[in-house]
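Okay, here's what each chain looks like letter by letter:
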Amino acid sequence: MYNHTYKELITKLQVSQEDVDFFANMPFARPYIDNTSLYQPVPFVSRHDKGDLSDKFFNKAINSHDTIPRALAFMQRPGSLHSPPTDENGIDLSQGAENPFFITFCQIESGVNGYIDTAHGGVLAALFDETLGLCAESYRVFVSEEGGHLLTASLQVSYRSPVRTPSAVIIKTWMRRKEGRKWFLEAQLLDQDGLLKAEAKSLYIGLKSAL
Ligand SMILES: CCCCCCCC/C=C\CCCCCCCC(=O)SCCNC(=O)CCNC(=O)[C@H](O)C(C)(C)COP(=O)(O)OP(=O)(O)OC[C@H]1O[C@@H](n2cnc3c(N)ncnc32)[C@H](O)[C@@H]1OP(=O)(O)O
């Protein structure tokens, strides 16, 4: 049983200042942390222990010094883009790789290696799924203001180049379109030098009844 909603969690939980400081030292993350940024740091809710058995993969299994020790999330500030072009469902058509709605930075260590010094593709798929899921949930709560819960129905990942460990990466996610209960999203994972490492497309489906 859940005794919280995503909106309650993202509103009440704190962003770790240690995580902000860690990524603020990295040139590729600094523009998002800058005071003039169009993005605001938001709690990476699945990294927090809510005292129940949810989110254990992200708040325990891959939350350690040799797996993913640091993760920091950002969302576009509400109203950062005035009257963007929208489709018939109100989806902001200006979103994309150059204008992602939700972003995470992750520090990846060798505890998630497949090949030597290389992150396992399954872990990268999990990072995509989580960031895309948070993007969809945040868009649902703060932009389209709909109720309900979203589950991953489909996730397609294209691996373009190995992700070395240890390293820091950025995952950019955005809404592509929405058809009734079906939410289509896209994402890119890039390294600190801005090189594209992997891409993803996902489908989240709004549940007919509560979880
Ligand atoms: C109380 C909550 C508190 C929240 C607290 C928040 C804390 C954290 C917050 C936020 C974190 C966010 C991060 C999460 C990220 C990770 C999420 C996961 O890993 S989820 C686990 C893996 N996924 C599953 O286990 C799903 C298993 N599948 C299902 O349960 C069902 O298949 C489901 C619900 C996805 C759909 O079932 P149907 O019965 O509702 O819907 P149908 O009628 O089958 O499909 C609806 C439409 O979608 C299409 N569709 C369904 N599946 C499709 C597929 N795989 N590919 C393409 N189309 C598909 C169908 O063709 C249909 O389309 P047409 O309406 O006819 O146009």
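About the criteria used
- Residues numbered from 1 in each chain as written.
- Predicted model: local features only at pLDDT ≥ 70, side-chain atom pairs only at ≥ 80, totals over all residues.
- Heavy atoms only, no water.
- pLDDT = per-residue confidence, 0-100.
- 1 Å grid on protein atoms, 1.4 Å probe; cavity = no way out; pocket = protein on both sides within 12 Å on 5 of 7 lines; lining within 4 Å.
- Points joined across faces, edges and corners; volume = space filled by probe spheres on them.
- Helix = DSSP H or I, 4+ residues; strand = E, 2+ residues; numbered from the N terminus.
- Pairing = 2+ DSSP bridges.

*Asks:* Hey, could you go over the confidence of the model for the protein for me, with residue numbers and the actual values?
*Replies:* Summarising the model, the protein shows a mean pLDDT of 93, and 98% of its residues fall at 70 or more. Interface confidence in the predicted complex, given as ipTM, is 0.95; pTM for the same model is 0.96.

*Asks:* Explain the layout of surface pockets residue by residue, including any values.
*Replies:* By volume, the largest pocket amounts to about 670 Å³. Looking at the largest pocket, it is lined by 23 residues, and the ones nearest its centre are Tyr2, Asp55, Glu137, Leu150 and Leu211. Counting only elements with at least two residues in the lining of the largest pocket, the list comes to α1 (6–12), α5 (121–144) and β4 (150–159). When residues in the lining of the largest pocket are grouped by element, the largest group, 6 residues, is from α5.

*Asks:* Tell me about the pairing of strand β7 (residues 196–206), and name the residues and values.
*Replies:* Alignment of β4 against β7, held across 9 bridges, turns out to be antiparallel. Residue pairing in the sheet places valine 157 in a bridge with alanine 200 of β7. Here strand β6 (residues 182–191) runs beside β7; their pairing, made up of 9 bridges, is antiparallel. Each bridged residue has a counterpart across the sheet, and for glutamine 188 the counterpart in β7 is glutamate 199. Linking β6 to β7, which pair antiparallel, is a turn of 4 residues; within it glycine 194 sits at a positive phi near 85°.

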